[in-house]
Amino acid sequence: MDSTYNTSGYYSASYKEAKERFLQAAVDLNAQIYTYHPETLAQPDLTIDVAIIGDRSKPVLVVSSGVHGVEGFFGSAVQLAWLEGMRRKGVDKNICTVFIHAVNPFGFANIRRVNEENVDLNRNFLPDNQCYRGAPDSYEDLNGFLNPEVPPGNMDLFFVKVATNILKHGGLQSLKNAVAGGQYEFPKGIFYGGAAACDSTNIIKENYSLWLGETEKVVHIDLHTGLGQSGDYKILLAEPEKSPNKKWYKKTFGKKKVEFLASGKGTAYKASGIMGEWLQHYFQHVDYRFAAAEFGTYPVLKMLKVIRRENSFFHFGDRSSEAYKKAVEDLKECFFPASFEWRRKSLHSGLEVIYQAVKALKYL
Ligand SMILES: [Zn+2]
């Protein structure tokens, strides 16, 4: 991979800056650009932007960012670095590249993982015939702890409470599956999947055929940050563990990097309503390979503590208070660490993953 990338320069300080730089880079490459505004969003300047470069009958590389709002700071930087690399080195005419910028523009602009309806969009892509109902039993048990209606203070004893719950729920991994897998019963709770398909979700669903054109082959990298070891990353698959494509993923991205979400092991956890799962299901006529690339930041319990606190303050606290500002800052740090080393290393890895995807796309 090109080692001349000056990684720090690709990170933007805000959603607005990230969007402007993304669009400018796309214009510089004569990309076809589509802009969508979710109707549930009050601010008209918050949009999902799609840039398409190349002939859509060719194999397609899709790179998406910001499904989890705040995680878009990282995903957008990777997209920008790749776009600028294309400009410098010339566009590969054998493939088409589709960039989806900020699937959840509200969360990106307002430093939340969830959208304007408190929905985790990566729990909102349920199959079209499935009801948005239900929650894991353990989540219902834990609701009082996970979603306190009085914002937690400094004497919260989070780690004592969580340790008790880990024991009660059969270990950290099963607690993670129960909490993060998605729930459809507590609209102000964390990891809420919504009461119906959200506007952002419908924008993706309704326009995806247009973006893909006549292609028969797709490799899709959906960029995320959070779970996993800091500075490292995993390739999380929405396909069943017995997928015939297992070998291809391991060969493409490396044996040790690939995990199946359905296994509920390692970095992975079982979740419902994942965007990639929906896309693979509805584009069965296309050879559609989907990988969520998850770049690790902080340990899982620290993340849970920060997500829970920010969510509780957002719904039940005083949003003008210093304590709320601190909760938001902590959330940003959790999904977009300020560390120069983290940013450098993760951006390089992000580009490496896309490079691997492009290479494999040609031989799919
Ligand atoms: Zn994510």
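See above for the structure.
Predicted, not measured: the structure shown is a model, and the values here were computed from it.

(A) Up close: the environment of Gln32. Residue placement: Gln32 occurs in strand 1 (residues 32–36). For Gln32, a relative accessible area of 40% puts it in the partly exposed group. Those residues in contact with Gln32 that lie beyond four places of it in its chain are Val50, Ala51, Ile52 and Arg56. A polar contact is formed between the side chain of Gln32 and the side chain of Arg56, at a distance of 3.5 Å.

(B) The arrangement of unusual backbone geometry in detail. Residues other than glycine seldom take positive phi values, yet Asn30 does so here, at roughly 55 degrees. Mapped onto the elements of the fold, Asn30 is located in the loop between helix 1 (15–28) and strand 1. Phi angles above zero are rare outside glycine, and Ala102 is one such case at about 60 degrees. Within the secondary structure, Ala102 sits in the loop between strand 4 (96–101) and helix 3 (105–110).

(C) Expanded view of the side chain of Thr252. Looking at the secondary structure, you find Thr252 in helix 8 (residues 246–253). Of note is the side chain of Thr252, whose polar atom sits 2.7 Å from the backbone oxygen of Trp248. Apart from the residues within four sequence positions on either side, Thr252 is in contact with Gln356, Ala357 and Ala360.

(D) Geometry of the packing of helix 1 against helix 2 (residues 72–89). Contact geometry for helix 1 and helix 2: axes closest at 10 Å, N-to-C directions at 20 degrees. With respect to their mutual orientation, helix 1 and helix 2 come out roughly parallel. Crossing of helix 1 against helix 2: the hand is left-handed. Across from Tyr15, Ala18, Arg21, Phe22, Ala25, Ala26 and Asp28 in helix 1, the residues of helix 2 making contact are Phe73, Ser76, Gln79, Leu80, Leu83 and Arg87. Residue composition of the contact of helix 1 with helix 2, grouped by class: eight nonpolar, two polar and three charged.

(E) Structural detail: the coordination of the zinc ion. In the first shell of the zinc ion, the protein supplies His68 (ND1), Glu71 (OE), Glu71 (OE) and His224 (ND1), at 2.1 to 2.7 Å from the metal. Mapped onto the sequence, the residues coordinating the zinc ion show the spacing H-x2-E-x152-H. Given a relative accessible area of 2%, Glu71 falls into the buried group.

(F) Quick peek at the environment of Ile111. Along the chain, Ile111 turns up in the loop between helix 3 and helix 4 (137–146). A relative accessible area of 13% places Ile111 in the buried class. When the C-alpha atoms of Ile111 and Gly72 are compared, they prove to be 9.6 Å apart, with 39 residues separating the residues in sequence. Excluding residues within four positions of it along the chain, Ile111 makes contact with Val70, Phe73, Glu310, Val328, Leu331 and Lys332.

(G) Highlighting the packing of aromatic side chains. This structure, assessed with the given rule, holds 20 aromatic pairs. Taking the centre distance of 6.4 Å and the plane angle of 75 degrees together, the rings of Phe22 and Phe99 count as edge-to-face. Highlighted residues: Phe22 in helix 1 and Phe99 in strand 4, separated in sequence by 77 residues. When sorted by exposure, Phe22 lands in the same class as Phe99, which is buried. Ring geometry for Trp278 against Tyr282: centres 4.4 Å apart, planes inclined by 25 degrees, an arrangement best described as stacked. Pair noted here: Trp278 and Tyr282 are both in helix 9 (residues 275–282), with a separation of four residues, about one helical turn. Tyr282 gets classed as partly exposed once you look at its relative accessible area, which sits at 30%. An aromatic cluster is built from Tyr34, Tyr36, Tyr208, Trp211, Phe283 and Tyr288, whose rings are joined through pairwise contacts. A cation sits over an aromatic face here: Lys302 above Tyr298, 5.0 Å from the ring centre. In this structure, Arg319 packs its charged tip against the face of Phe314, placed 3.7 Å from the ring centre.

(H) Structural view of empty space enclosed by the protein. Counted according to the given criterion, the structure contains two cavities of 30 Å³ or more. By volume, the largest cavity amounts to about 340 Å³. As for the largest cavity, its lining consists of 28 residues, and the residues nearest its centre are Ala180, Phe191, Leu227, Tyr269 and Met303. If you list the elements that add at least two residues to the lining of the largest cavity, you get helix 6 (172–180), strand 5 (217–226), strand 8 (287–296) and helix 10 (300–316). Across the lining of the largest cavity, the residue classes tally to 18 nonpolar, five polar and five charged. Lining the second largest cavity are Arg112, Arg113, Val114, Asn118, Gly189, Ile190, Phe191, Ile307, Glu310, Asn311 and Leu331. For the lining of the second largest cavity, the leading source of residues is helix 10, giving three residues.

(I) Focus on the pattern of salt bridges. One pass over the structure, following the stated rule, counts 13 salt bridges. Its salt-bridge partner being Asp92, residue Lys362 comes within 2.8 Å of it at the nearest N-O pair. Within this pair, whereas Lys362 is found in helix 12 (residues 340–362), its partner Asp92 is found in the loop between helix 2 and strand 4, the two being separated by 270 residues in sequence. On the basis of relative accessibility, which here comes to 41%, the residue Lys362 falls in the partly exposed class. Assessed through its relative accessible area of 25%, Asp92 is described here as partly exposed. We note a salt bridge from Glu310 to Arg112, for which the minimum N-O separation is 2.8 Å. Residue Glu310 is located in helix 10, and its partner Arg112 is located in the loop between helix 3 and helix 4; the two are separated by 198 residues in the primary sequence. In this structure, Glu310 and Arg112 share a single accessibility class: buried.

Definitions and cut-offs
- Residues numbered from 1 in each chain as written.
- Predicted model: local features only at pLDDT ≥ 70, side-chain atom pairs only at ≥ 80, totals over all residues.
- Heavy atoms only, no water.
- Helix = DSSP H or I, 4+ residues; strand = E, 2+ residues; numbered from the N terminus.
- Buried < 20%, exposed > 50% of the residue type's maximum accessible area, 1.4 Å probe, protein only.
- Contact = heavy atoms within 4.5 Å.
- Polar contact = N/O pair within 3.5 Å; in protein donor to acceptor, adjacent residues only side chain to side chain.
- Axes fitted to C-alpha atoms, helices over the stretch in contact; angles between N-to-C directions.
- Parallel < 35°, antiparallel > 145°, perpendicular 65-115°, else oblique.
- Left-handed = near helix turned anticlockwise from the far one by under 90°.
- Nonpolar A, V, L, I, M, F, W, Y, C, P; charged D, E, K, R; others polar.
- Donors = N, O, S within 2.8 Å, 3.2 Å for Na, K, Ca; no water.
- Phe/Tyr/Trp six-rings, centres within 6.5 Å; stacked < 30°, edge-to-face > 60°.
- Lys NZ or Arg CZ within 6 Å of the ring centre and 35° of its normal.
- 1 Å grid on protein atoms, 1.4 Å probe; cavity = no way out; pocket = protein on both sides within 12 Å on 5 of 7 lines; lining within 4 Å.
- Points joined across faces, edges and corners; volume = space filled by probe spheres on them.
- Salt bridge = Lys/Arg side-chain N within 4 Å of Asp/Glu carboxyl O.

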